[in-house]
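Fold and geometry: a report
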Amino acid sequence: MNDSRKTDSGIEINKVYTRDGILDEPLPGHFPYTRGVQEDMYRGKLWTMRQYAGFSTAQESNNRYHFLLSQGVSGLSVAFDLPTQIGYDSTHALSEGEVGKVGVAIDTIEDMRELFKGIDLEKVSTSMTINSTAFILLAMYVAVAKEQGADLKKISGTIQNDILKEYAARGTYIYPPKPSMRIITDIFEWCSTALPKWNTISISGYHIREAGSTAVQEIAFTLSNGKAYVKAALDKGLDINTLGKRLSFFFNAHNNLFEEVAKFRAARKIWANIMKELGATDPKALMLRFHTQTGGSTLTQQQPQNNIARVTLQALAAVLGGTQSLHTNGFDEAMGLPTENAAQIALRTQQIIALESGAADTADPLGGSYYVESLTNSIESKAWELIQEIDRMGGSVEAIENGYMQEQIAASAYQQQREIEKEEKRVVGVNCFTTNTDEETSLLKVSDNIRNEQIEKINKIKASRDENAVQQALQRIHDAIKNGTNMMPSVIEAVEKHTTLGEISDLLRSLFGEHK
């Protein structure tokens, strides 16, 4: 009988592991940080518990944020609707049917004010999942913080701002890769002095994994993208030790508990060595800090309450792997946006792991496990092979432009789907232990009238704003781009004058073109 078993990345699993081939890693808090970036990890401070939320109007999302804060979340995480992500106002014809559906609609600074009404931006950490229009949403956030009287040196949070994975896996890009990289380095440069506690990029493997990659591909492609961003910043003359402290990563957590833990450990080790090779010397610039979200693509519409168990396993893997912040998905998210009840269960899952499981009591609790150490080494080795292949192509931008990453991810996704269909990979409730009855699950409904409400708001703002001031602000953005100077101050000025997100995006479309 053939009893061979493999991880989801195709790594052979032995029946038993011994010390042979296992390397002793330095203690947590020490280079290369395989065992964690802090010496005491969660004994000193628990991970930030975030819940990703945003839907309908800014007011509706603001209500959900206040609910989550009252339930014990320690950081907010904002989801934006599709038009906002790709630079269209709610008035645009292509926005029809999409406004407020997969996130909150943000057209002007007025929406951003409503989104954070009653929330002290100097005290709360905010993560924004936004890429092509990240510079505009950050400008709006900063403008609202200034209106609150906040000290910009104190506000903290993260913008995803990771355009390379959009070309490789997710698709919400606007401009071609090279001008997009220029926008990102402008953000790096401006934030380094104006917003020193802000993480200027969250380099995302999450969407690479959601598109069908393996765990090995997830970290290899993500860290290669990180390398490309650092090189672009160095070309702009930025200090790697300053920049390195403000980089963060965003990873997925799937169901294979031990492979996921090993993946996080291997990623820290690889990144520390990449940054060292690029010239970083400050220990904090060598540390890979990351946010984790449980795997949306692992959730099933069949027997949806089973997803609570899946999310628990995935969250536990993230904690055992040393994450700095965590979002747990609602059990109903295979069918729609999470209800308040599902979001509360997801948050309670984190709190139970933190306070009842014992997983947070010691740093790197699976360190020294022959199996986990062997998996860490195997994942590290296979990931390095992919990184070196991308380096031979000239880096991530070139690997994306020639379709290499996309082809690798597509092949992996196809292989996984074939394994499920042939029942070689078992999914409880889908291809085994199925039932003939459907579970009743109440779903969150978003009104189809949201677009009309947003259009009415935009029209009122345009009727009352100083149009001459808007045009002057747009001209200053144009001039900054043409002169090669940093565009962020002029973008902040533009949003303060009630220039819309779509108007700023269209200006850049006229200058940079659109990626096809």
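Scroll up for the structure.
Rules of the game
- Residues numbered from 1 in each chain as written.
- Predicted model: local features only at pLDDT ≥ 70, side-chain atom pairs only at ≥ 80, totals over all residues.
- Heavy atoms only, no water.
- Phe/Tyr/Trp six-rings, centres within 6.5 Å; stacked < 30°, edge-to-face > 60°.
- Buried < 20%, exposed > 50% of the residue type's maximum accessible area, 1.4 Å probe, protein only.
- Helix = DSSP H or I, 4+ residues; strand = E, 2+ residues; numbered from the N terminus.
- Salt bridge = Lys/Arg side-chain N within 4 Å of Asp/Glu carboxyl O.
- Contact = heavy atoms within 4.5 Å.
- Axes fitted to C-alpha atoms, helices over the stretch in contact; angles between N-to-C directions.
- Left-handed = near helix turned anticlockwise from the far one by under 90°.
- Nonpolar A, V, L, I, M, F, W, Y, C, P; charged D, E, K, R; others polar.

Within this structure, the stated rule accounts for 16 aromatic pairs. Ring geometry for Y167 and Y173: centres 5.2 Å apart, planes at 25°, overall stacked. Of the residues examined, Y167 reaches a relative accessible area of 7% and is grouped as buried. Arranged with centres 4.8 Å apart and planes meeting at 70°, the rings of F249 and W271 form a pair that is edge-to-face. Taken together, the positions of F249 in strand β9 (residues 247-253) and W271 in helix α10 (residues 257-277) put the pair 22 residues apart, joining distant regions of the chain. Considered together, F249 and W271 belong to a single accessibility category, that of buried residues.

A pair can form between side chains of opposite charge whenever their charged atoms are brought close. One pass over the structure, following the stated rule, counts 33 salt bridges. The partner of E166 in a salt bridge is R170, and the shortest N-O contact between them spans 3.0 Å. Placement of both E166 and R170 in helix α5 (residues 164-170) is noted, with a separation of four residues, approximately one turn of the helix. Residue classification places E166 among the buried positions, given a relative accessible area of 1%. Measuring nitrogen to oxygen at the nearest pair gives 2.8 Å for the salt bridge that ties R509 to D506.

Moving on, we get to helix α19 (residues 488-496). Considered for burial, the residues of α19 that qualify are M488, S490, V491, I492, A494 and V495. Structurally, α19 contributes buried residues whose contacts are with α3 (109-115), α4 (134-148), α6 (177-194), α18 (467-483) and α20 (501-512). H498 lies just past α19 and shows a positive phi near 70°.

With that out of the way, let us pick up the environment of V102. Residue placement: V102 occurs in the loop between α2 (82-85) and α3. Residue V102 is classed as partly exposed on the basis of its relative accessible area, which comes to 45%. Residues V102 and T300, 198 residues apart in the sequence, show an inter-C-alpha distance of 18 Å. The residues contacting V102, other than those within four sequence positions of it, are G54, A79, F80, D81, L82, Q85 and L337.

Our next topic: the packing of α10 against helix α12 (residues 306-320). For the pair α10 and α12, the least separation of the axes is 8 Å and the interaxial angle reads 35°. Crossing angle aside, the handedness with which α10 passes α12 is right-handed. Where α10 approaches α12, its residues L257, E260, V261 and F264 are matched on the opposing element by L313, L316, A317, A318 and L320. Residues that form the contact of α10 with α12 fall into these classes: eight nonpolar, no polar and one charged.

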